[in-house]
Amino acid sequence: MTRRLKRGAAPRTWTIPRKGTKWVQRVAAGAHPQAESMPMVQLLREVRGVAKTAREARAILREGLVSVDGSVVREVARGVGLMDTVSFAKPVDEHFRILKDQSGRLRLVKITAADAAYKIGRVRRKTTVSEGKTQVTLHDGRNLIAPEKVTWRVGDSLKIGVPGQKVLQHLPLKPGLLAYLAGGSHVGEIAKIERIEVVNSPQPNLVHFAEGFSSIKEYVFVIGESSPQITLPGGIGG
C-alpha cells in the first residue's frame, strides 16, 4: 500500500484544506481506522500550524516534542483519533484532546495538563481469555482485563489514566447519564440518555435521548453523570 494519499481522497474527518499539495500522508495502520484518524504530519502542519513543511514536522517529532496519550510520538504517519490527548512541549507547553465538531471533523480542544493525564474509551468488544478472565477492547484498540465481579458491557465508557491505563471510573451506558455523539446527524452534540432500545433485527440498537432524538448505539460515548468528564468545545466540562 502506498504511503501517500491524494488530497481529494482524504477522509472528510480531516481538518485540512481541500486545495493545496496534490499528495498527503496516509495514516499508518494503528488503533484508529483511517477514516477516523489523522496523521501527525497533517496535525502539525495544517491543523496546529507549528510546521510549514513535512520536513519541519519530522524534525519536531524526532526531537520528542509531541506526545499522544502520554507517550512520545516520532512517526509522521502515526494516527491520532477521537478522545486522544496530544501534548506539545514547544513552542509552548500546551495540551489538547481530539474531538469531533458538529461537521464531523476532528478538532483540537485545548485542555489542562491534568486533563491530558486521562481519556475516555468506549468498550467496543468483550472476549473471554485464559483462566476465564474477561478482556475488553476499547474504541482506540486498547485491551484491558476486567477485575473479578466487575461488569463492563459493550457501549459502556471507561475513564482511564494515560499512559498507564489505570481505570479511574466506569461510566455505564444507562438512562440519566450524559453522552457525546461521535457520528450521525447529531455528531459533536451532548445529550442525556433517556432509554436504550434493543432492536430484534440485523439493524443496530438505538439510544434515545431526552432532547428528543435518537442515534445508533455505536455512536454514543458516555462522558459523565451530572457533568462531562472531559472539556468540550466552548470550555464545558473537565
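Whatever comes next refers back to the structure up there.
Visitor: Just give me the short version of the pattern of salt bridges, but keep the residues and values in it.
Guide: Two side chains bearing opposite charge may form a pair once their charged atoms approach each other closely. Throughout the structure, instances matching the rule amount to 12 salt bridges. Close ionic contact of Glu-94 with Lys-110 constitutes a salt bridge, the shortest N to O distance being 3.0 Å. With Glu-94 in strand β8 (residues 94–100) and Lys-110 in strand β9 (residues 106–111), the pair connects residues that are 16 residues apart, well separated along the chain. Taking relative accessible area as the criterion, Glu-94 reaches 13% and is therefore assigned buried. A single salt-bridge network, built from bridges that share partners, covers Asp-69, Asp-84, Lys-119, Asp-140 and Arg-142.

Visitor: If you had to explain the packing of helix α1 (residues 40–47) against helix α2 (residues 54–62) to someone new, which residues and values would you point to?
Guide: The N-to-C vectors of α1 and α2 enclose an angle of 115°; their axes lie 9 Å apart at closest approach. The angle between α1 and α2 falls in the class roughly perpendicular. Note that α1 runs across α2; the crossing there is right-handed. Where α1 approaches α2, its residues Met-40, Val-41, Leu-44 and Arg-45 are matched on the opposing element by Ala-54, Ala-57, Ile-60 and Leu-61.

Visitor: So what's going on with the sheet that holds strand β16 (residues 190–197)? Which residues, and what values?
Guide: Taken together, 5 strands build an open sheet; the order of strands is β18-β17-β16-β15-β19 and the sheet is antiparallel. Single-partner strands in this sheet number two, and they are β18 (214–216) and β19 (220–224). For this sheet the average axis-to-axis angle between neighbouring strands, irrespective of direction, equals 50°. Where strand β17 (residues 206–209) and β18 come together, 3 bridges link them in antiparallel fashion. Opposite Val-207, over in β18, you have Ser-215 as the bridge partner.

Visitor: Kindly report on the environment of Ala-179, identifying the contributing residues and their values.
Guide: You can see Ala-179 is positioned in strand β15 (residues 178–181). Along the backbone, Ala-179 and Ser-71 are 108 residues apart, and their C-alpha atoms lie at a distance of 27 Å.

Visitor: Quick one: what's the story with unusual backbone geometry, residue by residue and with numbers?
Guide: The peptide bond linking Val-162 to Pro-163 adopts the cis configuration, its omega dihedral lying at 5°. The backbone of Asp-69 shows a phi angle near 55°, a positive value even though the residue is not glycine. Position of Asp-69 among the secondary structure elements: in the loop between β4 (66–68) and β5 (71–72). Given the relative accessible area of 6%, Asp-69 is considered buried. Phi is positive for Met-83, close to 80°, though the residue is something other than glycine.

Rules behind the numbers
- Residues numbered from 1 in each chain as written.
- Predicted model: local features only at pLDDT ≥ 70, side-chain atom pairs only at ≥ 80, totals over all residues.
- Heavy atoms only, no water.
- Salt bridge = Lys/Arg side-chain N within 4 Å of Asp/Glu carboxyl O.
- Helix = DSSP H or I, 4+ residues; strand = E, 2+ residues; numbered from the N terminus.
- Buried < 20%, exposed > 50% of the residue type's maximum accessible area, 1.4 Å probe, protein only.
- Axes fitted to C-alpha atoms, helices over the stretch in contact; angles between N-to-C directions.
- Parallel < 35°, antiparallel > 145°, perpendicular 65-115°, else oblique.
- Left-handed = near helix turned anticlockwise from the far one by under 90°.
- Contact = heavy atoms within 4.5 Å.
- Pairing = 2+ DSSP bridges.

Interpretation note: all reported values are geometric properties and have no functional meaning in isolation.
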